[in-house]
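# Remarks on the overall topology
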Amino acid sequence: MVTLLLIDDDKDFTEFFVAAIEESGIKCQVLNQSKKILQYNLTGIDHIIIDLLMPDFDGLQILRFLKESRYSRYISVTSGQDQSILNAAREICQLHQLNFHSVLKKPFDLSCLDALIIDHVDGGIIIEKPKPLIKNDTELLEQLKLAISTQSLEVYFQPKVDMVSYEIQGFEALARWNLDGAFIPPTQFIPLAERSGLIGKLTEVIVEKSLRYFTQFKHLLAHPNLSINFSALELGQSNLPDLLISKIEQHNMASEQITLEITETVMLQKNTLSLEVLARLRLMGFKLSIDDFGAGYSSVNMLQNGPFTELKIDRAFISELDKSDQSRIIVNSVVQMAKKLNLNVVAEGIEEQTIVDELIKMNCLTGQGYLFSRPMPLQDVIIWLENRFTSK
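Given the structure is predicted, the values throughout are model-derived calculations rather than measurements. (Residues numbered from 1 in each chain as written. Predicted model: local features only at pLDDT ≥ 70, side-chain atom pairs only at ≥ 80, totals over all residues. Heavy atoms only, no water.)

## Considerations on the pairing of strand 1 (residues 3-7)
- Counting buried positions over the five residues of strand 1 gives five, a clear majority of the element.
- Going residue by residue along strand 1, you find Thr3, Leu5 and Ile7 tucked away on one face and Leu4 and Leu6 tucked away on the opposite face as well.
- In this view, the connection linking strand 1 to its parallel neighbour strand 2 (residues 27-31) by way of helix 1 (residues 11-22) has right-handed handedness.
- Relative to strand 3 (residues 47-51), strand 1 runs parallel, the two sharing four bridges. Note on strand 3: the bridge partner recorded for Ile7 is Ile50. (Buried < 20%, exposed > 50% of the residue type's maximum accessible area, 1.4 Å probe, protein only. Helix = DSSP H or I, 4+ residues; strand = E, 2+ residues; numbered from the N terminus. Right-handed = clockwise from strand over helix to strand, strands pointing away. Pairing = 2+ DSSP bridges.)

## Regarding a negative patch on the surface
- Taken together, the side chains of Asp9, Asp10, Asp12 and Glu15 define an acidic patch exposed on the protein surface.
- Inspection of the secondary structure assignment puts Asp9 in the loop between strand 1 and helix 1.
- The exposure class assigned to Asp9 is partly exposed, which follows from its relative accessible area of 34%. (Patch = residues over 30% accessible without salt bridge, like charges linked within 9 Å, V, L, I, M, F, W, Y side chains within 5 Å. Areas by Shrake-Rupley, 256 points an atom, 1.4 Å probe, with all protein chains shown as cover. Salt bridge = Lys/Arg side-chain N within 4 Å of Asp/Glu carboxyl O. Lys, Arg positive; Asp, Glu negative; His and termini not counted. Charge placed at Lys NZ, Arg CZ, Asp CG, Glu CD.)

## Description of the environment of Gly236
- Structurally, the position occupied by Gly236 is in the loop between strand 9 (226-231) and helix 8 (240-250).
- The exposure class of Gly236 is partly exposed, given its relative accessible area of 41%.
- For the pair formed by Gly236 and Ser274, sequence separation is 38 residues and the distance between their alpha carbons is 5.5 Å.

## With respect to the nonpolar core
- Core analysis: the largest hydrophobic core is formed by 79 residues, its most contacted members being Phe171, Phe217, Leu311 and Leu359.
- A total of eight residues in this core trace back to one element, the largest contributor, which is helix 7 (residues 199-214).
- Not counting the four nearest positions on each side in its chain, Phe217 is found in contact with Phe157, Phe171, Leu378, Val381, Ile382 and Leu385.
- Membership of the second largest hydrophobic core comes to 23 residues, among which are Leu5, Ile45, Leu66 and Ile75. (Core = buried A, V, L, I, M, F, W, Y, C linked by side-chain atoms within 4.5 Å. Contact = heavy atoms within 4.5 Å.)

## Quick word on the pattern of salt bridges
- The full count for this structure, using the stated rule, is 16 salt bridges.
- Taking the shortest distance from any N to any O, the salt bridge between Glu261 and Lys160 comes out at 3.2 Å. Taken together, the positions of Glu261 in strand 10 (residues 258-263) and Lys160 in strand 6 (residues 154-162) put the pair 101 residues apart, joining distant regions of the chain. Of the two residues, Glu261 and Lys160, neither departs from the other in class, the shared state being buried.
- Between Glu208 and Arg212 there is a salt bridge whose closest N-O contact spans 3.7 Å.

## Considerations on the packing of aromatic side chains
- In this structure the tally under the stated criterion is eight aromatic pairs.
- Ring centres of Phe157 and Phe217 lie 5.2 Å apart, and the angle between their planes is 80°; on these two criteria the pair is classed as edge-to-face. You can see Phe157 sitting in strand 6 and its partner Phe217 sitting in the loop between helix 7 and strand 9, a full 60 residues away along the chain. Across this residue pair, the class does not change: Phe157 and Phe217 are buried.
- Considering the side-chain rings of Phe171 and Phe217, the 5.3 Å spacing of their centres and the 75° angle between planes classify their relative orientation as edge-to-face. Pair noted here: Phe171 is in strand 7 (residues 168-179) and Phe217 is in the loop between helix 7 and strand 9, with a separation of 46 residues, a long-range link. (Phe/Tyr/Trp six-rings, centres within 6.5 Å; stacked < 30°, edge-to-face > 60°.)

Dropping the structure here:
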């Protein structure tokens, strides 16, 4: 049986919540005194729902405790506080690399629990528990070195779609790592590669596989464009443009078909070499994109000083577009700014048609996300494209 843990000091609310949840066949445990979480046995708890405003030990302190305890199951937050605080709590969850599920804003009625109940009862989120990941960075680093040297890192592809015509505008290549049956997220192994000086070798493996795989299905595309992620750290390599030209020539591709997405996992230093590398890449015909715009260290600085052709709006803003006025204002402002700068705009992390409708109103017409397709391995991409072709 699925088991939830509700941490909330409001006894009337917890009685209402438990009655509604358990009527659906879900077991619910309750903590009215939040500090008791410090001694609580979390084994077998599939989902923790936390009220943010509690005496002695508030919800944000609980989130930090769960991070330090390496709790890996689902977490939701609830509160009657301002929506901006709830949004901040969600962001903190993600920064802690906790498995965030949803926000429940008080006061709410039974209808607000529908999605939560359906997820659990219908099997939407309760899946086989993942195998534990290697927790020690030193051990994981040794495994990463091996994965790079044996080229066992994989590449998946996710389409970029015209949201009006649903025509495919290209694909993004995404690094994936499966270690002994456990999925290691890029948010874990990419920063590790950057810190340890392995990012250059890792990117070389991903670039080679991305180009080799892409040539096997680009003939199925009206717009055979490929985006590849690069760390801002790699802009310190003066020979990067020449290496990329050599790679694409080996695979009979043109530089105009390649977009380099610069990720801001580290601060991009404003220096002559970085700007020179970016300018040379543009002179050679490569397109340049700022990835996760708005969530990095220096997005606006990069936009002002680099010869970019595209920006991708971070999923944190896109996912809340139909719920948050703040997100809607920010996204609209970014889109209008980009249009005035003659930049292509791509919205990341689209999962709902309502988000598409909002973006089209803003004249943001290119999107990427689970609504269109999850990232796919090579063979699945080919089947997916062939099915689209035959269904037309």
